[in-house]
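Observations on the model geometry
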Amino acid sequence: MIISMRPHATREEINHVCERIAEFGYKVHSIEGEERVVIGVVGIGDVTICLESLEATPGVERAMRISAPYKFVSKEFRKGRSAIKINGCEIGGDEFVMMAGPCSVESEKQIMDTAEGVAAAGARILRGGAFKPRTSPYDFQGLELEGLKLLRKAKERTGLGIITEIMSDRDVELVAEYADCMQVGARNMQNFALLKSLGGCGRPVLLKRGMSSTIKELLMSAEYIVAHGNPNVILCERGIRTFETATRNTCDIAAVPVLNELTHLPVVLDPSHATGKRSLIPALSRAGVAIGADGLIVEVHPCPEKAVSDGAQSLTLADFARMMSELKPYIRLWSEARARELAAV
Ligand code: PEP
Ligand code: MN
């Protein structure tokens, strides 16, 4: 349920509404807004009676049921867009945000060269896996703590924010110490213990769509993180499994506007894992800008042929710089459209 208070409702009225909510056996999940307060309510009980009673309570303008199964991430809960801050830039705001970097952090030289190259080309956030989810247990599993330390060094050198994958609820505190944004990989989208613990991690979370997950399941996973206390979730389309074998995954490009209709959370596109092929990244990146994604997360490596993971889909630093400059006219149109949208609300 959401309870929308009248503009300038008094503190006493708000407190009284919260007491009534508790009397009905529900819990106040969040209280948002200053001039116009909106109270988010969760729990199980007789909704109809509760809504009727709250609508008659002083200070209340409207009491509404949220019909979507994902409550706090739905457009029913918040009409506009949520903008999420990561190290001085905002995803879901008026800037198209580029995140770039290697699949895995491999060495100091590799991550420093990449960080400097992508920062010079206009990226705002450096990606790089220190804990890697590999299909084979015999493949490189990541540098772990050493990788996190190298990411911190790259941040100190370039000022870029850091996004890195978190694979286990046991490592949340450690990764949160180094990361500006916690990445949940496709394989962990429904690791509910991990999602719950990210509710309290104090960092934004980029949640990647599972390779066999529906859009509804992605939103339900986002709801786990928000329901456990962290409203700062960014969604990522990274391709799903289909019968098609020409690409590593099938990029569900429609997922971006579908998500924009269903949720206020920002949505980014990962053209690298969606295709698995370097040559396809620029075209899909243009599509991502055109379709209204809030940003891209792209794999870049100084020498893809030597990459320990995902070399075939990694751009070189020169490829990335070229793509960034080719994207400029598209991003200009994106910015104009976004400015119009933000001015209209
Ligand atoms: C990655 O970002 O390197 C990665 C493993 O992605 P995904 O979880 O989408 O497969
Ligand atoms: Mn990868």
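Since we're looking at a predicted model, the values are computed, not measured. (Residues numbered from 1 in each chain as written. Chains lettered and ligands numbered in written order. Predicted model: local features only at pLDDT ≥ 70, side-chain atom pairs only at ≥ 80, totals over all residues. Heavy atoms only, no water.)

Here's the deal with the confidence of the model for the chain
Defined as follows: Scored from 0 to 100, pLDDT records how confident the predictor is in each individual residue. Every helix listed is a DSSP run of H or I at least four residues long, and every strand listed is a run of E at least two residues long, numbered separately from the N terminus.
Scored by pLDDT, the chain has a mean of 96; 100% of the residues are at 70 or more. Averaged pLDDT values over the elements of the chain bottom out at 88 in strand β2 (residues 27–32) and peak at 99 in strand β12 (residues 233–237).

Describing the coordination of the manganese ion (ligand 2)
The cut-off we apply is this: Sites may look incomplete because water is not among the atoms; the donors themselves are N, O and S atoms within 2.8 Å of the metal, or within 3.2 Å for Na, K and Ca. Exposed residues in this analysis have more than 50% of their type's maximum accessible area, buried residues have under 20%, and partly exposed residues fall in between, with area computed by a 1.4 Å probe over protein chains only.
Protein coordination of the manganese ion (ligand 2) is provided by C103 (SG), H273 (NE2), E299 (OE) and D310 (OD), with donor distances spanning 2.0 to 2.4 Å. When its relative accessible area of 0% is taken as the criterion, E299 is described as buried.

Quick notes on the site of ligand 1
Spelled out, the test is: Note on terminology: near, applied to a residue and a molecule or strand, indicates that one of the residue's heavy atoms is within 4 Å of it. Polar contacts, as counted here, are pairs of nitrogen or oxygen atoms within 3.5 Å of one another; within protein the pair requires one atom able to donate a hydrogen and one able to accept it, and residues that are adjacent in sequence qualify only if both atoms are side-chain atoms. The accessible surface values rely on the Shrake-Rupley method and a 1.4 Å probe; as for residues, cover is taken only from the protein chains in view. Three categories are distinguished: nonpolar for Ala, Val, Leu, Ile, Met, Phe, Trp, Tyr, Cys and Pro, charged for Asp, Glu, Lys and Arg, and polar for the others, with Gly belonging to the last.
Among the 13 residues in the neighbourhood of ligand 1, the closest are listed as R127, Q183, A186, R187 and R238. A distance of 2.8 Å separates an oxygen atom of ligand 1 from a polar atom in the backbone of A186. Side-chain polar atom of R187 to an oxygen atom of ligand 1: 2.8 Å apart, as the coordinates give it. In the complex, 97% of the free accessible area of ligand 1, which totals 300 Å², lies under the protein chains. Split by residue class, the shell around ligand 1 holds 3 nonpolar, 3 polar and 7 charged.

Structural notes on helix α4 (residues 145–158)
Within an α-helix, residues lying three or four positions from one another point in the same direction, as the helix has 3.6 residues per turn. The condition is simple: Any helix carries an expected span of 1.5 Å times its number of residues minus one. We call two residues in contact when some of their heavy atoms are within 4.5 Å.
A rise of 1.5 Å per residue sets the reference length of α4, with its 14 residues, at 20 Å; its end C-alpha atoms lie 20 Å apart and thus fit the reference within 8%. Where α4 is buried, its residues contact α3 (108–121), β8 (125–127), β9 (161–165) and α5 (172–178). Phi turns positive one or two residues past the end of α4, at G159, with a value near 80°.

Observations regarding the packing of aromatic side chains
Aromatic rings considered in pairs are described by the distance between their centres and by the relative angle of their planes. Keep this limit in mind: Put simply, two rings from Phe, Tyr or Trp (the six-membered ring, in Trp's case) pair if the centres are within 6.5 Å, and we call them stacked under 30 degrees between planes, edge-to-face over 60, tilted for the rest.
Applying the stated criterion across every chain, the model contains 3 aromatic pairs. Geometrically, the ring pair formed by F96 and W334 is edge-to-face, given 5.4 Å between the ring centres and 80° between the ring planes. A residue pair is termed long-range when its members are at least 10 positions apart, and F96 in the loop between β6 (89–91) and β7 (97–101) and W334 in helix α11 (residues 317–344) qualify at 238 residues. Here the two residues F96 and W334 agree in accessibility, since each one is buried.

Here we look at the nonpolar core
When a protein is soluble and globular, its nonpolar side chains tend to lie buried together. Note the threshold: The term nonpolar core refers to a set of buried residues drawn from Ala, Val, Leu, Ile, Met, Phe, Trp, Tyr and Cys, joined through side-chain atoms within 4.5 Å.
Membership of the largest hydrophobic core comes to 70 residues, with the highest contact counts inside it found for L126, M182, L198, L207, L235 and F320. In contact with L235, not counting residues within four places along its chain, are L207, L218, L219, A222, L259, T263, L265, P266, V267 and V268. If you look at the next biggest cluster of nonpolar residues, it comprises 18 residues, including I3, I21, I39 and L51.

Some words on empty space enclosed by the protein
Applied cut-off: Both site types are read off a 1 Å grid over the protein atoms alone. A 1.4 Å probe that fits but cannot get out defines a cavity, while an open set with protein on both sides within 12 Å along at least five of seven lines defines a pocket; lining residues have an atom within 4 Å of a point. Grid points are joined across faces, edges and corners, and a volume is the space filled by probe spheres set on the points.
Counted according to the given criterion, the structure contains 1 cavity of 30 Å³ or more. R127, G128, G129, K132, I163, T164, E165 and Q183 are the residues that line the largest cavity. If you tally residues by element for the lining of the largest cavity, the top one is β9, at 3 residues. The residue inventory of the lining of the largest cavity, partitioned by class, reads 1 nonpolar, 4 polar and 3 charged.

Quick look at the pairing of strand β14 (residues 295–299)
Inclusion rule: Paired strands, in this sense, are two strands between which DSSP finds at least two bridges.
Burial within β14 is extensive, with 5 of its 5 residues counted as buried. Residues of β14 alternate between two faces, with G295, I297 and E299 on one and L296 and V298 on the opposite face, all of them buried. Pairing between β7 and β14: 5 bridges, direction parallel. Residue pairing across strands places V97 opposite G295, the latter belonging to β14.

A word on unusual backbone geometry
Even without being glycine, H8 reaches a positive phi, approximately 60°. Checked against the element boundaries, H8 lands in the loop between β1 (2–5) and α1 (11–23). With phi around 45°, N87 is a residue other than glycine that occupies positive phi space. Tracing the sequence through the fold places N87 in the loop between β5 (84–86) and β6.

A closer look at the sheet that holds strand β4 (residues 60–64)
For clarity, the cut-off: With axes taken as lines fitted to C-alpha atoms, and helix axes fitted only over the stretch in contact, angles between N-to-C directions fall between 0 and 180 degrees.
Strand order in the open sheet formed by 4 strands is β2-β3-β1-β4, and the pairing between neighbours is antiparallel. Edge positions in the sheet fall to β2 and β4, since each has one partner strand and no second. Each neighbouring strand pair of the sheet contributes to a mean axis angle of 20°, computed without reference to strand direction.

Digging into the layout of surface pockets
Volume-wise, the largest pocket comes out at about 290 Å³. Forming the boundary of the largest pocket are I2, S4, E32, G33, R36, V38, R62, M64, E76, F77, R78 and K79. Grouping the constituent residues of the lining of the largest pocket by class yields 4 nonpolar, 2 polar and 6 charged.

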